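So the chains spell out like this:
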Amino acid sequence: MDPFDAGAGGLLRQPKAVWATAGASVVAFMGIGLVDPILPSIAKGLDASAGQVSLLFTSYFLITALAMLVTGFVSSRIGGRKTLLLGLAFVVVFAGLAGTSDTVGQLVGYRAGWGLGNALFVSTALAVIVGAAAGGSAAAILLYESALGLGMACGPLLGALLGDASWRYPFFGTAFLMAIGFLCITVFLKEQPKPARKTSLLDPIRALGHGGLASAAVSAFFYNYTFFTVLAFTPFVLNMTPYKSGAVFFAWGVLLAVFSVLVAPRMQRRFGSLKVLGGSLVLLAADVLVLGYGNHTAAIVCTILSGAFIGVNNTVYTELALGVSDAPRPVASAGYNFVRWFAAAAAPYFAPKIEEWTDIHIPFVVAAVTALLGAVVVVVRRRALTLPHSRLRSSGGTPIAEELEPKHASEDSVTVFAN
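Turning our attention to the overall build of the chain. Within the chain, the regular secondary structure consists of 14 helices and zero strands. Each helix and strand of the chain, placed in order from N terminus to C terminus, yields the pattern α-α-α-α-α-α-α-α-α-α-α-α-α-α. Buried positions account for 58% of the 419 residues belonging to the chain. Here the contacts in the chain between residues at least 6 apart in sequence split such that 84% fall between residues at least 24 apart. Put simply, the chain shows about 15600 Å² of open surface, and 68% of that area lies on carbon and sulfur atoms.

Encoded structure:
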């Protein structure tokens, strides 16, 4: 079935519950890049350094990483709908409080609470969409991927539009939009069936005992350090107005969405997932080196171009995490994300510190090295990362991928940031 078919069960003919959840997902993913264009404005408004303001990402993703051990435990006990609403409520409260901050310490603390809410919501949203969607999981996954890409693209744009007047307004705007999402899910989404087996807090850790899943997580850890060096540190290097910075990261997000949803699956079918991933990591390393050492125009171009490599990487990594082991997919995903989000917390902290200790170029050298380390793990552990034929897609019954035979590569990859 063509997921774009407007007929019954097609992408455009979904229940209101699916659209409500997908719409809230767009706003949830907007929160990741929302602060990018206003980081310099926040630093100026709160009389803070670049390193202090970058902790907005560190607190957010540190809590997100730790929450990966909790989200499955919670959702398997109270159900998907209540977990979504709990996550949305956290985001509404803490995003609103973030806009009232008088010190950078308060803002960092409120972002941590926001990160917990976002983890609870996003880690549950895909399962809810798949469960409520018409036409099988293919259309649901594509809809979720589209929501992710739209959110990543529009987050910086919203941050720029509202942040041009005041750095506080993007936080209030997010709280308002998430409150609308809360109401929509309350009205349109019925309670989802609870899993037959409750997830324990240690299940994601146990899942990492599988060599393939552990290898994917370690490689993704190095890659995420590079990713979030670009996302959290580059705005200070570009040193542009919120509007201009927002436009740069909007273009970055558009490339991320296009390459994640449309380009990556086609490349996987032709070359195989591991070759695509290794090549994309090497190209990302080259890109961030030019970003760090080029002139201002080169930095802008390379920032935007990095979205293409990041989109490809996100798709392939998540597919590997979901399919390489025999653990239930939510459990495997939680363990994988528990490891990789620690790098998303580390990069925003260490990049400004490395600049203080050395110069503005070296944080990008470190980011290039970590991207290459991710590629090295892929090469060295390629046998462990080969997806088994026994892991079949729920939508089509074909293998997710078989790295030794490119013809079996992904046809409907899932890109998940916190699931």
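Summed over the entire model, instances satisfying the criterion amount to one salt bridge. Two residues, Arg 206 and Asp 203, come together in a salt bridge whose shortest N-O distance is 3.0 Å. Residue Arg 206 and its partner Asp 203 are both found in helix α8 (residues 203–207); the two are separated by three residues, about one turn of the helix. Looking at Arg 206, the relative accessible area reads 55%, which means it is exposed. The buried category is assigned to Asp 203, whose relative accessible area is 8%.

Because an α-helix completes one turn every 3.6 residues, residues spaced three or four positions apart along the sequence face the same direction. Compared with the 42 Å implied by 1.5 Å per residue over 29 residues, the 42 Å span of helix α13 (residues 329–357) between its first and last C-alpha is a close match. For α13, the principal kink sits at Ala 346 and spans about 30°; a proline, Pro 348, occurs within the next four residues.

Attention now goes to the packing of helix α9 (residues 211–238) against helix α10 (residues 242–271). It is at 11 Å that the axes of α9 and α10 come closest, and there the two elements cross at 155°. With respect to each other, α9 and α10 are oriented roughly antiparallel. In this structure, α9 crosses over α10, and the sense of that crossing is right-handed. Judged by residue contacts, Phe 227, Val 230, Leu 231, Thr 234, Pro 235 and Leu 238 of α9 engage Val 248, Phe 249 and Trp 252 from α10.

This next bit is on the environment of Asp 47. With respect to the helices, strands and loops of the structure, Asp 47 is situated in the loop between α2 (39–45) and α3 (50–78). You can call Asp 47 exposed: its relative accessible area is 72%. For Asp 47 and Thr 103, which are 56 residues apart along the polypeptide, the C-alpha to C-alpha distance reads 8.5 Å.

A word on helix α7 (residues 169–188). End to end, α7 covers 29 Å across 20 residues, agreeing with the expected 28 Å (1.5 Å per residue, within 8%). Within the sequence span of α7, burial applies to Pro 170, Phe 171, Gly 173, Thr 174, Ala 175, Met 178, Gly 181 and Ile 185.

Confidence along the chain averages 83 in pLDDT terms, with 87% of residues attaining 70 or more. Highest mean pLDDT in the chain belongs to helix α14 (residues 362–380) (97); lowest belongs to helix α6 (residues 137–163) (77). The low-confidence segment residues 389–419 (pLDDT under 50) makes 113 contacts with residues lying over four places distant or belonging to another chain.

According to the stated counting rule, one finds 18 aromatic pairs in the structure shown. Relative to Trp 341, the ring of Phe 228 has its centre 5.8 Å away and its plane inclined at 65°; by these criteria the two rings are edge-to-face. Pair noted here: Phe 228 is in helix α9 and Trp 341 is in helix α13, with a separation of 113 residues, a long-range link. A single burial state applies to Phe 228 and to Trp 341, both of which are buried. Residue placement shows Arg 77 over the ring face of Phe 73; its charged tip is 3.7 Å from the ring centre. If you follow Arg 340 out to its NZ or CZ, it ends over the ring of Trp 341, 4.5 Å from the centre.

A separate point is the nonpolar core. Note that soluble globular proteins tend to have their nonpolar side chains buried in a common cluster. Ranked by size, the top nonpolar core spans 117 residues in total, and within it Ile 42, Phe 61, Phe 121, Phe 171, Ile 185 and Phe 228 carry the most contacts. Sorting elements by how many residues they give to this core places α9 first, with 13 residues. For Phe 121, the residues in contact, after removing those within four places along its chain, are Thr 21, Ala 24, Ser 25, Ala 28, Leu 84, Gly 87, Leu 88 and Ile 185.

Closest axis-to-axis distance for the helix α12 (residues 296–323)/α13 pair is 8 Å, and the angle between their directions is 125°. Judged on the interaxial angle alone, α13 and α12 are oblique. Judged by the twist between their axes, the crossing of α12 over α13 is right-handed. Side by side, α12 and α13 meet where Tyr 317, Thr 318, Ala 321 and Leu 322 of the first sit next to Arg 329, Ala 332, Ser 333 and Tyr 336 of the second.

On the surface, Leu 157, Leu 161, Tyr 243, Phe 250, Val 254, Val 258 and Leu 262 cluster together to form a nonpolar patch covering roughly 540 Å² of accessible area. Counting only elements with at least two residues in the nonpolar patch, the list comes to α6 and α10. Here the nonpolar patch takes five residues from α10, the largest share from any one element. Mapped onto the secondary structure, Val 258 falls in helix α10.

Cut-offs and rules
- Residues numbered from 1 in each chain as written.
- Predicted model: local features only at pLDDT ≥ 70, side-chain atom pairs only at ≥ 80, totals over all residues.
- Heavy atoms only, no water.
- Helix = DSSP H or I, 4+ residues; strand = E, 2+ residues; numbered from the N terminus.
- Buried < 20%, exposed > 50% of the residue type's maximum accessible area, 1.4 Å probe, protein only.
- Contact = heavy atoms within 4.5 Å.
- Areas by Shrake-Rupley, 256 points an atom, 1.4 Å probe, with all protein chains shown as cover.
- Salt bridge = Lys/Arg side-chain N within 4 Å of Asp/Glu carboxyl O.
- Expected span 1.5 Å × (residues − 1).
- Bend = angle between axes of the 7 residues up to and from the residue.
- Axes fitted to C-alpha atoms, helices over the stretch in contact; angles between N-to-C directions.
- Parallel < 35°, antiparallel > 145°, perpendicular 65-115°, else oblique.
- Left-handed = near helix turned anticlockwise from the far one by under 90°.
- pLDDT = per-residue confidence, 0-100.
- Phe/Tyr/Trp six-rings, centres within 6.5 Å; stacked < 30°, edge-to-face > 60°.
- Lys NZ or Arg CZ within 6 Å of the ring centre and 35° of its normal.
- Core = buried A, V, L, I, M, F, W, Y, C linked by side-chain atoms within 4.5 Å.
- Patch = residues over 30% accessible without salt bridge, like charges linked within 9 Å, V, L, I, M, F, W, Y side chains within 5 Å.

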